[in-house]
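# Structure at a glance
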Amino acid sequence: MDPLSLIRPKIRDVKAYFIDHTPSPVILDANESPFTPPRKILERMLVVMAGTPMNRYPDMEALGVRAAIAHKDGAAPEEVLLGNGSDELIFYLILAMMEPGERILVPTPTFVMYETIAKSLNMEPTPVPLTDDWDLDLEATLRLIKEKSPRLIFLATPNNPTGKKYPLRAIEAVADAAPGAVVVDEAYIDFSADGPYGLLYRDRPNVIVMRTLSKVGLAALRLGYILADRAVIENVNKVRLPYNINSMTQAAAAEALRNWEEFVPLFGKVREERDKLFTALNEISGIHAWPSEANFILMRVEDGAAERVFRGLLEHGVRVRWFSGHPRVGDCFRVTVGDPHENSMFLSAIREAL
Ligand code: PMP
C-alpha cells in the first residue's frame, strides 16, 4: 500500500512550513530578537525552571502566567487564553469558530500560517490583496465581507512581511462590517512607535487581540496569547488541548512578565537599529526598502537580482528570508533587525553581493 494514500489529499498538497537550518553566523530570517532577556531576569527564569516538579502535570489553567499577562496588558485574567505560540491559537480559533464551507478573509501578503493552518482544517482562505503601499484596501475588503460573509478575518498589524501598521479607523471599519470575528494579530506591536490600540474587544466583542512572546527575546518558551471577551475565551478554551503550556514555560514566562519593564528598553534598541538599517538600505542603489513598524524590514531587490543576492548573502554567512516564487514579493527579502554587529555584517554582505 502507498503510505501517501493514508493522508487526506488536501494535506498532501499543503506546502510544509519551511525553515532553513543551514548553519550561518548571522541569522536574520525568523524575526527573533537579537537580545536575550537581561541577565538578572534570565538567571531568575532559570532558577524557577529548575524548581519545576518534573513528575507533575502543569497547572492546566496556567493561572500565574495569565495573571501576569493580564496585569501587563491591563486586562482581566478571564480575558486571556494561552497557546503554545500564537500559531496554536490560530488553529484553535478556526476550530472553535468555523463550520465547513465558511470563509476566512486574509489581506495578503501576510503571515503564511493563517493559510497553512486553515487548509489543514479543510478551510480555503479568501485573499484580499493589500494596496501597492501595503495598506489595507478597505473598499475591496468591505466588498468581500459583504459577498463572502467571512466568519474569521486575520489582520496582522504591524503586518508580516510588510511591516505596515494599519490605522485604528480601518480596523474598526472592518470589525463593524464583519459578520464574524476579526483577529488583530499584534505579534510585532512592541516595535511600533505608538504601541497597541488597546483592548479593542471591550467596545467591539467580535475583535480578538493576539500577541506573542516570540519576538521579544523569548521565542524558546513558545507562548502566545489572545485577549478577548470572556465568553469568547471561555468557549475557545473548550477546544484547547489540556496542558498545552508546559510547566517550565509557565514558570519562566511569569517571571519574565513580572519584570516586563526591564524588557522595554530592548524594544527601543531594536527600533533604533531598524531605523538606521532602513536609511542605510535605501542608500544602496538597486534596493528599495519599505518603512517598518516591526522588528524586520521588507526590501525589494531590483533588476531580477534577488536570487543572486540571496546566494551571495548566504556565502557571506547571512541568512534572510527570501519570498522566492511569491507573485507579489518574489523579488523581496525580509530581513530581521539584528544587533549592531549583525546589521553591519548584513549591510557589508549585501553591498558585496549586489
Ligand atoms: N503572527 C505573526 C504575524 C507572525 O509573524 C508570527 C511568527 N512568525 C506569529 C503570529 C506566530 O508566532 P508564535 O507562534 O511564535 O507565537
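### Thoughts on the overall build of the chain
Scanning the chain from N- to C-terminus turns up 12 helices and 12 strands. In terms of overall size, the chain behaves like a compact globule, its C-alpha atoms giving a radius of gyration of 21 Å where 354 residues would be expected to give roughly 20 Å. Seen through its principal axes, the chain has C-alpha atoms that stretch 55 × 55 × 55 Å. Here the chain displays about 16,500 Å² of accessible surface, and carbon together with sulfur accounts for 54% of that area.

### Some points on the sheet that holds strand 5 (residues 152–156)
Spatial ordering of the open sheet is given by 2-8-7-6-5-3-4, a layout of seven strands whose pairing is mixed. Sheet topology places strand 2 (80–83) and strand 4 (126–129) at the edges, where each strand pairs with a single neighbour. Between one strand axis and the next, the sheet turns by 25° as a mean value, whatever way the strands run. In the packing of helix 3 (residues 63–73) onto the sheet, contacts are made with strand 2, strand 7 (207–212) and strand 8 (224–227), and the angle to strand 2 comes to roughly 120°. Sheet strands in contact with helix 4 (residues 86–97) are strand 2, strand 3 (104–108), strand 5, strand 6 (181–185), strand 7 and strand 8, and its direction is about 155° off that of strand 7.

### With respect to helix 6 (residues 138–148)
All of the buried residues along helix 6 are Ala 140, Thr 141, Leu 144 and Ile 145. Here the buried residues of helix 6 occupy an arc of 140° about the axis, which is enough to place them on one side. Summarising the geometry of helix 6, the exposed residues directed more than 90 degrees from the buried face are Glu 139, Lys 146 and Glu 147. Ser 149 lies just past helix 6 and shows a positive phi near 45°.

### Observations regarding the site of the ligand
Around the ligand, 14 residues are found, and the nearest of them are Asp 185, Tyr 188, Thr 212, Ser 214 and Arg 222. Here an oxygen atom of the ligand and a backbone polar atom of Ser 86 are 2.7 Å apart. One nitrogen or oxygen atom from the side chain of Lys 215 is found 3.1 Å from a nitrogen atom belonging to the ligand. Contact with the protein chains covers 94% of the free accessible surface of the ligand, which is 400 Å². For the shell around the ligand, the residue count by class is five nonpolar, five polar and four charged.

### Side note on the side chain of Asp 73
Its location among the elements puts Asp 73 in helix 3. For Asp 73, a relative accessible area of 15% translates into the label buried. A polar side-chain atom of Asp 73 sits 2.6 Å from a polar atom in the side chain of Tyr 225. Sequence-distant contacts of Asp 73, that is, excluding residues within four places in its chain, are made with Leu 199, Arg 211, Tyr 225 and Leu 227.

### Focus: the packing of aromatic side chains
Summed over all chains, the structure comprises 11 aromatic pairs. With a centroid separation of 4.4 Å and 15° between ring planes, the pair formed by Tyr 57 and Tyr 243 is classed as stacked. Remark: Tyr 243 occurs in the loop between helix 8 (230–236) and helix 9 (247–258) and Tyr 57 occurs in the loop between helix 2 (39–50) and helix 3; sequence separation between them is 186 residues. Tyr 57 sits in the exposed class, given a relative accessible area of 66%. For Tyr 243, a relative accessible area of 32% translates into the label partly exposed. An aromatic cluster of three or more residues is present, and its members are Phe 191, Trp 260, Phe 263 and Phe 267. Between the NZ or CZ atom of Lys 165 and the centre of the ring of Tyr 197, over which it lies, the distance is 4.7 Å. Looking at Lys 269, its charged tip hangs above the ring of Phe 35, at a distance of 5.4 Å from the centre.

### Some thoughts on the sheet that holds strand 10 (residues 296–301)
Strands pair in a sheet through their backbones, by hydrogen bonds, and they do so in one of two ways: parallel or antiparallel. In space, the five strands of this open sheet follow the order 1-11-12-10-9, with mixed pairing throughout. Looking along the sheet, the strands with just one partner apiece sit at the ends: strand 1 (26–28) and strand 9 (287–289). Looking at each pair of strands side by side, their axes are set apart by 30° on average, direction ignored. As judged from the three bridges shared by strand 9 and strand 10, these two strands associate in the antiparallel manner. Directly across from His 288, in strand 10, lies its bridge partner Arg 300. Its contacts with the sheet place helix 10 (residues 264–282) against strand 9, strand 10 and strand 12 (332–336), and it is angled at close to 150° to strand 9. Relative to the sheet, helix 11 (residues 306–315) contacts strand 10, strand 11 (318–322) and strand 12, its axis offset from that of strand 11 by approximately 150°.

### Observations regarding helix 12 (residues 340–353)
A rise of 1.5 Å per residue sets the reference length of helix 12, with its 14 residues, at 20 Å; its end C-alpha atoms lie 20 Å apart and thus fit the reference within 8%. Every buried residue belonging to helix 12 is among Glu 342, Asn 343, Phe 346, Leu 347, Ala 349, Ile 350 and Ala 353, and all of these are buried. Taken around the axis of helix 12, the buried residues stretch over an arc of 165°, which confines them to a single face. Away from its buried face, by an angle of more than 90 degrees, helix 12 presents the exposed residues His 341 and Glu 352.

### Here we look at the environment of Arg 351
Structurally, Arg 351 is set in helix 12. Looking at Arg 351, the relative accessible area reads 47%, which means it is partly exposed. Sequence-distant contacts of Arg 351, that is, excluding residues within four places in its chain, are made with Ala 280 and Ile 284.

What counts and how
Residues numbered from 1 in each chain as written. Predicted model: local features only at pLDDT ≥ 70, side-chain atom pairs only at ≥ 80, totals over all residues. Heavy atoms only, no water. Helix = DSSP H or I, 4+ residues; strand = E, 2+ residues; numbered from the N terminus. Rg over C-alpha atoms; globule rule 2.2 N^0.38 Å. Areas by Shrake-Rupley, 256 points an atom, 1.4 Å probe, with all protein chains shown as cover. Pairing = 2+ DSSP bridges. Axes fitted to C-alpha atoms, helices over the stretch in contact; angles between N-to-C directions. Contact = heavy atoms within 4.5 Å. Buried < 20%, exposed > 50% of the residue type's maximum accessible area, 1.4 Å probe, protein only. Arc of directions from axis to C-beta. Near = heavy atom within 4 Å. Polar contact = N/O pair within 3.5 Å; in protein donor to acceptor, adjacent residues only side chain to side chain. Nonpolar A, V, L, I, M, F, W, Y, C, P; charged D, E, K, R; others polar. Phe/Tyr/Trp six-rings, centres within 6.5 Å; stacked < 30°, edge-to-face > 60°. Lys NZ or Arg CZ within 6 Å of the ring centre and 35° of its normal. Expected span 1.5 Å × (residues − 1).

The values reported here are purely geometric and, on their own, carry no functional implication.
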